[in-house]
Amino acid sequence: GMPLLVPDAQLLPLFIRLGYTNLRDFDYKRPGWSPPADELAYAWTEDAELWELRWWSSLTDFSRSPHLLRWGSVPELLEKLLHSDLRAVASRMRRETEV
């Protein structure tokens, strides 16, 4: 596993707004995963409202995967980057994702 520093739940929708599967070349669905079809009330478009983007981003691996290093500001990002035990995080991620 590789440690991932990802935006927290408040920032994540803004980071994935114009890039998460809008381009078919990068459209990928992890085997065994599908969105909850009965809840697909919102279209994923670059014109989506913030509350729609929050809903969509809550379904991503960036939101659901364990052992991610989440940050909500640049100082917090730097603190996690400089002071986290990245080897330990990588080890936990590896154990979680091994098949």
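In this text, all values refer to a predicted model and were calculated from it rather than measured experimentally.

So, how was this worked out
Residues numbered from 1 in each chain as written. Predicted model: local features only at pLDDT ≥ 70, side-chain atom pairs only at ≥ 80, totals over all residues. Heavy atoms only, no water. Helix = DSSP H or I, 4+ residues; strand = E, 2+ residues; numbered from the N terminus. Expected span 1.5 Å × (residues − 1). Buried < 20%, exposed > 50% of the residue type's maximum accessible area, 1.4 Å probe, protein only. Arc of directions from axis to C-beta. Phe/Tyr/Trp six-rings, centres within 6.5 Å; stacked < 30°, edge-to-face > 60°.

Colleague: I keep staring at helix α5 (residues 86-97) and nothing clicks. Help me out?
Modeller: An α-helical turn contains 3.6 residues, so a residue and the one three or four places further along point in the same direction. An ideal rise of 1.5 Å per residue puts 16 Å on 12 residues; α5 measures up with 16 Å between its terminal C-alpha atoms. Three or more residues of α5 are buried, namely Val 89, Ala 90 and Met 93. Along the axis of α5, the buried positions cluster into a sector of 100 degrees, meaning they face one direction only. Exposed residues pointing more than 90 degrees away from the buried face of α5 are listed as Arg 87 and Arg 95.

Colleague: Whenever I open this one, the packing of aromatic side chains confuses me. Can you help?
Modeller: Given two aromatic rings, one states the distance between the centres and the angle between the planes to describe the pair. The final tally for this structure, using the stated rule, is 2 aromatic pairs. On the numbers, 5.7 Å between centres and 90 degrees between planes, the contact of Phe 15 with Trp 71 is edge-to-face. With Phe 15 in helix α1 (residues 12-16) and Trp 71 in strand β2 (residues 69-71), this residue pair connects regions lying 56 residues apart in the sequence.

Colleague: What am I meant to see in unusual backbone geometry here?
Modeller: Glycine aside, negative phi is the norm for most residues, and most peptide bonds take the trans geometry. In this structure, His 67 is a non-glycine residue whose phi angle is positive, near 70 degrees. Positionally, His 67 belongs in the loop between α3 (61-64) and β2. Among the residues examined, His 67 registers a relative accessible area of 29% and is labelled partly exposed.

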